[in-house]
Amino acid sequence: MERNRSDEKTRRKPSGAAVPRADLTEALYRAFFEEWAERGFSALSLERVAARAGAGKAAIYRRFPSRLAFADAAISTLGLQIALPPAEHQNPAGDTLALWFRARAVLRHPLARRILPDLHAEAARSAEMRAINDRLALARREQAEALLNRAVCRGQLPEQVDRDLALDLMVAPLYWRMVVRGVTPSRAELAMQSRAIEAGLKASTRDSARQ
């Protein structure tokens, strides 16, 4: 009997600090992005974020020690969505197209279109926000690099491909069109652009860059 009582104590939940609820964390992320999109990061209020999420400000500080830490965690969740690997295809154009379809789904969201330009503006003024922005960019480039390595291994792209230029070609055109210009390309337009990117990738070798 003594052992049973001990087991029961072991299984009992701690009565100290509240355990953060995943559903409330998601609600806080959503409220944080809505507040950021509406007012910009410089005017973002954690009190208003908490009110949007139907929570108290203490719910935020149990999870994040500062507004910047909150931004880092929220943006990291977005980066993970972008970094999910697309299905494998048999050529660079197909891989690029699959990458763009996934990125388009994220970038066409009205909150993303309003937050990302403000994120870049804040990154120009803040070293801490620059580090957050760089991690988000790295997630996009790592995904594109995996596709690039796959094409090189299949012999569809030359070993001497200029990787920095190739990664810019694979990621930047869609981002420029959607975030900077505010235009959402159709599937047919993406397919045409992915074929153009494939031709550009084949031509973007380090040897040709030195000539």
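Residues numbered from 1 in each chain as written. Predicted model: local features only at pLDDT ≥ 70, side-chain atom pairs only at ≥ 80, totals over all residues. Heavy atoms only, no water.

**Let's talk about the overall build of the protein chain**
And then number 1: Helices and strands together make up the secondary structure of the protein chain, namely 11 helices and 0 strands.
And then number 2: When burial is assessed residue by residue, the protein chain has 40% of its 211 residues classed as buried.
And then number 3: When contacts within the protein chain are restricted to residue pairs at least 6 apart in sequence, long-range pairs at least 24 apart make up 67% of them.
And then number 4: In the structure as shown, the protein chain presents an accessible area of about 12000 Å², 54% of it carried by carbon and sulfur atoms. (Helix = DSSP H or I, 4+ residues; strand = E, 2+ residues; numbered from the N terminus. Buried < 20%, exposed > 50% of the residue type's maximum accessible area, 1.4 Å probe, protein only. Contact = heavy atoms within 4.5 Å. Areas by Shrake-Rupley, 256 points an atom, 1.4 Å probe, with all protein chains shown as cover.)

**What to know about the pattern of salt bridges**
And then number 1: This structure, assessed with the given rule, holds 15 salt bridges.
And then number 2: Among the ionic pairs, Glu-38 bridges to Arg-52, the shortest N-O distance being 2.5 Å. Of this pair, Glu-38 sits in helix H2 (residues 22-39) while Arg-52 sits in helix H3 (residues 46-52), and the two are 14 residues apart along the sequence.
And then number 3: Arg-52 gets classed as partly exposed once you look at its relative accessible area, which sits at 36%.
And then number 4: Through salt bridges with shared partners, one network takes in Glu-34, Glu-35, Glu-38, Arg-39, Arg-48 and Arg-52. (Salt bridge = Lys/Arg side-chain N within 4 Å of Asp/Glu carboxyl O.)

**Examining the side chain of Glu-122**
And then number 1: Within the element layout of this structure, Glu-122 appears in helix H7 (residues 110-125).
And then number 2: Other than its neighbours up to four places away in sequence, Glu-122 contacts Phe-41, Ser-42 and Met-129.

**Section: the packing of aromatic side chains**
And then number 1: Under the defined criterion, the tally for this structure stands at 7 aromatic pairs.
And then number 2: Ring centres of Trp-36 and Phe-41 lie 5.1 Å apart, and the angle between their planes is 50°; on these two criteria the pair is classed as tilted.
And then number 3: The class for Trp-36 is buried, based on a relative accessible area of 1%.
And then number 4: Given a relative accessible area of 5%, Phe-41 falls into the buried group.
And then number 5: Among the aromatic residues, those joined into a ring-pair cluster are Tyr-29, Phe-32, Phe-33, Trp-36, Phe-41, Phe-64 and Phe-70. (Phe/Tyr/Trp six-rings, centres within 6.5 Å; stacked < 30°, edge-to-face > 60°.)

**Quick word on the packing of H7 against helix H9 (residues 163-180)**
And then number 1: At a closest axis distance of 9 Å, the pairing of H7 and H9 adopts a crossing angle of 105°. With respect to each other, H7 and H9 are oriented roughly perpendicular. Counting all contacts with H7, which are made through Arg-113, Leu-116, Pro-117 and His-120, the residues of H9 involved are Tyr-175, Met-178 and Val-179.
And then number 2: Taken together, the residues that form the contact of H7 with H9 break down as 5 nonpolar, 1 polar and 1 charged. (Axes fitted to C-alpha atoms, helices over the stretch in contact; angles between N-to-C directions. Parallel < 35°, antiparallel > 145°, perpendicular 65-115°, else oblique. Nonpolar A, V, L, I, M, F, W, Y, C, P; charged D, E, K, R; others polar.)

**Observations regarding the environment of Ala-31**
And then number 1: Among the structural elements, Ala-31 can be located in helix H2.
And then number 2: Here Ala-31 falls in the buried class, since its relative accessible area comes to 2%.
And then number 3: Along the primary structure Ala-31 and Arg-52 are separated by 21 residues, whereas in three dimensions their C-alpha atoms are 5.6 Å apart.
And then number 4: Discounting residues that sit within four places of it in the chain, Ala-31 has contacts with Val-49, Arg-52 and Ala-53.

**Topic: the packing of H7 against helix H8 (residues 127-153)**
When two helices pack together, their arrangement is given by the angle between the helix axes and the distance between those axes.
And then number 1: Taken N-terminus to C-terminus, the directions of H7 and H8 make an angle of 130°; their axes are 6 Å apart at the nearest point. Classified by the interaxial angle, the pair formed by H7 and H8 is oblique. Here H7 runs over H8; the crossing is left-handed. Together, Leu-116, Leu-119, His-120, Glu-122, Ala-123, Ala-124 and Arg-125 of H7 and Ala-127, Met-129, Arg-130, Asn-133 and Leu-136 of H8 make up the contact between the two elements. (Left-handed = near helix turned anticlockwise from the far one by under 90°.)

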